[in-house]
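Descriptive structure summary
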2 protein chains.
Amino acid sequence: MTDLSIGELSRRVAVKVPTIRYYEQIGLLPVPPRTEGRQRRYGAQAVSRLRFIRHARDLGFEVEAIRELLSLSAMPEQPCEPADRIVLRHLESVERRIEQLSLLRAELRHMLDDCTHGQVRECRIIQVLADHEQCRHEHGRTV
Amino acid sequence: MTDLSIGELSRRVAVKVPTIRYYEQIGLLPVPPRTEGRQRRYGAQAVSRLRFIRHARDLGFEVEAIRELLSLSAMPEQPCEPADRIVLRHLESVERRIEQLSLLRAELRHMLDDCTHGQVRECRIIQVLADHEQCRHEHGRTV
DNA sequence: GTACAATCTCTAGCGGCTAGAGGTTCAAGA
DNA sequence: TCTTGAACCTCTAGCCGCTAGAGATTGTAC
């Protein structure tokens, strides 16, 4: 396999061209060799590193976490516990987020249920926004 | 009730001072009157408008949606259907987000379950990131 | 040789704030 | 009345993870 241009790499890994350059800029991807005309050329290693990054981003890891995971993956003899901790930390934040959003969903559903589909004057949606205390009181929930 | 300084408004509505100035800047809050020394002073109307904004932000509405909701709330004789639609649209996006995050959560849990807590060399977490195909195959899921 | 797609660098923008510098005003206490 | 000093002011820049665009250069297929 010959080296890839940034566009070919982009198509192969499904990461946009400016994003690849951005990853290089922030040090997630190493500086690649260039052609005489200063265009980037990527080898197999860059492909798998970028794939790693993309999968981690798909799983919602932050760039800093990915940086740590990448450097761990380069140390095969170390214990994998630090990687474990990173994943656990992320899982917990995802779980917290899901809980928050579930509360939100309930709240929004109530708003829609209560709406009488009449005029703004008597619209519960607008009323709830204008005076949230009322909402809490009526539904007996703490928001 | 006399007019409030921006700090008093901030404490009363639980919105930070720079955020209030930001809302003014983007036109969510009207330009308030000033003292002779150019300090902002807020009346009761500003308090309730800011409360409205805060509740809507707490419910995850984007600024543009809030702008629409605010202008609807100023037209009590109009049908409330547009407000309805905004809330529904938001609810749907919250629901989509919850679904995405639930898939993510499952994925992360699998990663942790599969981890043998040994060396990075044999760590499933790192392997899954390095080669996602393997993961899909083993769990029989499409990610 | 020529056309033109792809690449290059650089800067700015997105949303929704937040932080800090450096200067001014207000209000309470002496 | 004067003096602190907390609160206010404006302005710019930064956060995250990209994305978009301008304007110039390079690579490649015909």
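Residues numbered from 1 in each chain as written. Chains lettered and ligands numbered in written order. Predicted model: local features only at pLDDT ≥ 70, side-chain atom pairs only at ≥ 80, totals over all residues. Heavy atoms only, no water.

Chain A has the name Helix-turn-helix domain-containing protein in an unreviewed UniProt entry, where Microvirga aerilata is given as its organism.

**Quick word on the relation of the copies chain A and chain B**
Cut-off, in case you're wondering: Residues below a pLDDT of 70 in either copy are left out; the C-alpha atoms of the rest, at least 70 in both, set the least-squares superposition of the copies. The contact definition used throughout considers only heavy atoms, calling two residues in contact when any of these lie within 4.5 Å.
Least-squares fitting of chain A to chain B yields an RMSD of 0.1 Å, with the superposition described by an axial translation of 0.0 Å and a rotation of 180 degrees. Viewed as a symmetry operation, the transformation between the two copies matches a two-fold axis. For chain A, the residue whose C-alpha comes nearest the rotation axis is Ile-98 of chain A, separated from it by 3.0 Å. Both copies present the same face, since 100% of the interface residues in chain A are matched by interface residues at the equivalent positions in chain B.

**Digging into the confidence of the model for chain A**
What counts is decided by this rule: In predicted models, pLDDT denotes the confidence assigned by the predictor to each residue on a 0 to 100 scale.
Here chain A averages 90 in pLDDT, while 91% of its residues score no lower than 70. Across residues 134–143 of chain A, where pLDDT falls below 50, the model places 15 contacts with residues more than four positions away in sequence or in other chains.

**A word on the side chain of Arg-40 of chain B**
Note the cut-off: Think of it this way: any DSSP run of H or I at least four residues long counts as a helix, any run of E at least two long counts as a strand, and we number them from the N terminus.
Mapped onto the elements of the fold, Arg-40 of chain B is located in the loop between α2 (17–25) and α3 (44–58). With sequence-adjacent residues up to four places away left out, Arg-40 of chain B is seen in contact with Leu-4, Ser-5, Ile-6, Arg-21, Glu-24, Pro-32, Pro-33 and Arg-34 of chain B.

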